[in-house]
Amino acid sequence: MNFEEIARELNISRVRVGQIYKSALKKLAHPKNKEKWREIMDALEALEEQRVKKENLMQGERK
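Note that the coordinates shown come from a computational prediction; the quantities given were computed from them, not determined experimentally. Numbering of residues starts from 1 in every chain and runs along the sequence as written. Side-chain atom pairs in this predicted model are given and counted only at pLDDT of 80 or more, local residue features only at pLDDT of at least 70, and totals for whole chains, interfaces and linings cover all residues. With hydrogens and water set aside, each side-chain value is computed from the structure's full complement of heavy atoms.

### A closer look at helix α2 (residues 14-28)
To qualify as a helix, a DSSP run of H or I must reach at least 4 residues; to qualify as a strand, a run of E must reach at least 2; elements of each kind are numbered from the N terminus. A helix is expected to span 1.5 Å multiplied by its residue count minus one. Given a rise of 1.5 Å per residue, 15 residues ought to cover 21 Å, and the 21 Å separating the end C-alpha atoms of α2 matches this to within 8%. Partly exposed describes any residue whose relative accessible area lies between the buried limit of under 20% and the exposed limit of over 50%, with all areas from a 1.4 Å probe on protein chains only and scaled to the type maximum. Restricting attention to buried positions, one finds in α2 the residues V17, G18 and L28. Viewed along the axis of α2, the buried residues span an arc of 100°, placing them on a single side of the element. The exposed set on the far side of α2, more than 90 degrees from its buried face, consists of V15, K22, K26 and K27. In this description, the arc belongs to the directions extending from the helix axis to the C-beta atoms.

### Remarks on the UniProt feature "domain: RNA polymerase sigma-70 region" (unreviewed entry) in the protein
UniProt's feature table lists "domain: RNA polymerase sigma-70 region" (unreviewed entry) at residues 1-29, given in the numbering used throughout. Along residues 1-29, the helical share is 79% and the strand share 0%, with 22 Å between the first and last C-alpha atoms. UniProt positions are given in the numbering used here, feature names are shortened, and annotations may be inferred rather than shown by experiment.

### A word on the pattern of salt bridges
Each reported salt bridge corresponds to a side-chain nitrogen of Lys or Arg within 4 Å of a carboxyl oxygen of Asp or Glu. For the coordinates displayed, the defined rule picks out 4 salt bridges. For E35, the salt bridge is made with R38, and the minimal N-O distance between the two is 2.9 Å. Here R38 and E35 lie together in helix α3 (residues 34-62), a separation of 3 residues that amounts to about one turn. Across the pair R51 and E55 runs a salt bridge whose closest N-O atoms are separated by 2.9 Å. Of this pair, R51 and E55 are both found in helix α3, 4 residues apart, which corresponds to roughly one turn of the helix. A relative accessible area of 42% means that R51 is categorised as partly exposed. Accessibility expressed as a relative area gives 37% for E55, which makes it partly exposed. Counted as one network, the salt bridges with shared partners bring together E48, R51 and E55.

Shown next as structure tokens:
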């Protein structure tokens, strides 16, 4: 999802989405939040793995 799609979904401006994103990154960059980053990255990795599996299954069905 890009900022424009998120803004539409939340009914806020694209600029505001960018501000929230920048603020979140600043907070997560703090050393005390290292574990939060690890959890986020693990979750994103798991989502990507699920997406790839689903895509591979769909491609297998097309053959």
